[in-house]
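Here are the chains, one letter per residue:
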Amino acid sequence: MSSLLSGSMRLRARGPLPVDEVWKHYTQPVWWSQWAPHLRQVDYPEPVIAPGTTGRVIGVGGITAVFRIETVDEAARTWSWSVRSGPLRVFFEHGVDVAPPGSGQASEAWLVTHALWPVVLGYAPIAQFSLGRLVRPV
């Protein structure tokens, strides 16, 4: 990918759910369609994500993407994955932090999307909406 055509964007959302609960919802694929409604189905062999494992997601309209979990750092509460649907390739970094003091919230979930700019920009509203759901009770 040419650096002029590709880029990255970081999004975040703060909410009342405790950090450990947000981390659980982020790293247990059984929860993904609850907070990310654009994901209709997740096929993944393990209850918790692990580096080097693969699966697939089926989105709105039957769009199917295969993925590979690249990294998981439990202590830092971060993980990353690469996602492919046809010729489209996207790399995501995810994390959960304690919300800043004075924010009135318990947790902050974040996401960095790396892809072609049209994909990064087109996915941003969906990702922001989903992050907001991730940090709030389902």
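First things first, this report covers the structure right here in the doc.

Quick notes on the rules
Residues numbered from 1 in each chain as written. Predicted model: local features only at pLDDT ≥ 70, side-chain atom pairs only at ≥ 80, totals over all residues. Heavy atoms only, no water. Helix = DSSP H or I, 4+ residues; strand = E, 2+ residues; numbered from the N terminus. Rg over C-alpha atoms; globule rule 2.2 N^0.38 Å. Buried < 20%, exposed > 50% of the residue type's maximum accessible area, 1.4 Å probe, protein only. Contact = heavy atoms within 4.5 Å. Areas by Shrake-Rupley, 256 points an atom, 1.4 Å probe, with all protein chains shown as cover. Lys, Arg positive; Asp, Glu negative; His and termini not counted. Charge placed at Lys NZ, Arg CZ, Asp CG, Glu CD. Pairing = 2+ DSSP bridges. 1 Å grid on protein atoms, 1.4 Å probe; cavity = no way out; pocket = protein on both sides within 12 Å on 5 of 7 lines; lining within 4 Å. Points joined across faces, edges and corners; volume = space filled by probe spheres on them. Nonpolar A, V, L, I, M, F, W, Y, C, P; charged D, E, K, R; others polar. Core = buried A, V, L, I, M, F, W, Y, C linked by side-chain atoms within 4.5 Å.

## Brief notes about the overall build of the protein
Logical step 1: For the protein, the helix and strand inventory stands at three helices and seven strands.
Logical step 2: For the protein, the sequential pattern of α-helices and β-strands runs β-α-α-β-β-β-β-β-β-α.
Logical step 3: Here the C-alpha radius of gyration of the protein, 14 Å, is about what a compact globule of 138 residues would show, namely 14 Å.
Logical step 4: When the backbone C-alpha atoms are referred to their principal axes, the protein occupies close to 45 × 35 × 30 Å.
Logical step 5: The 138 residues of the protein split such that 39% are buried.
Logical step 6: Sequence separation of 24 or more characterises 45% of the internal contacts of the protein that already satisfy a separation of 6 or more.
Logical step 7: When the accessible surface of the protein is summed, it comes to about 7,200 Å², and 59% of that surface belongs to carbon and sulfur atoms.
Logical step 8: Here the protein holds 12 positive side-chain charges and 10 negative ones, and the gap between their average locations is 8 Å.

## Details of the pairing of strand S6 (residues 88-98)
Logical step 1: With eight bridges joining them, strand S5 (residues 78-85) and S6 adopt antiparallel strand pairing. Within the sheet, the bridge partner assigned to Arg84 lies in S6 and is Arg89.
Logical step 2: Remark: two residues form the turn of the hairpin made by S5 and S6, two consecutive strands paired antiparallel; Gly86 in that turn has positive phi of roughly 60°.
Logical step 3: Pairing of S6 with strand S7 (residues 107-116), which is carried by eight bridges, proceeds in the antiparallel orientation. Bridge assignment links Glu93 to a residue of S7, and that residue is Val112.

## Some thoughts on the layout of surface pockets
Logical step 1: In this model, the largest pocket occupies a volume close to 660 Å³.
Logical step 2: Taken together, 29 residues form the lining of the largest pocket, with His38, Leu39, Val83, Phe92 and Tyr123 sitting closest to its centre.
Logical step 3: Listing elements by their share of the lining of the largest pocket, those giving two or more residues are helix H2 (32-35), strand S3 (54-59), strand S4 (64-73), S5, S6 and helix H3 (117-134).
Logical step 4: Taken together, the residues of the lining of the largest pocket sort by class into 22 nonpolar, seven polar and no charged.

## Topic: unusual backbone geometry
Logical step 1: Even without being a glycine, Arg77 presents a positive backbone phi close to 55°.
Logical step 2: Summarising the element assignment, Arg77 is placed in the loop between S4 and S5.

## A look at the nonpolar core
Logical step 1: By size, the foremost hydrophobic cluster in this structure holds 32 residues, and its most contacted members are Tyr26, Trp32, Phe67, Trp79, Trp81 and Leu131.
Logical step 2: Elements with a contribution of two residues or more to this core: strand S1 (6-15), helix H1 (19-27), H2, S4, S5, S6, S7 and H3.
Logical step 3: It is H3 that provides the largest number of residues to this core, a total of five residues.
Logical step 4: Beyond its immediate sequence surroundings of up to four residues, Trp32 is in contact with His25, Tyr26, Thr27, Leu39, Val42, Ile49, Val57, Phe67, Trp79 and Trp81.

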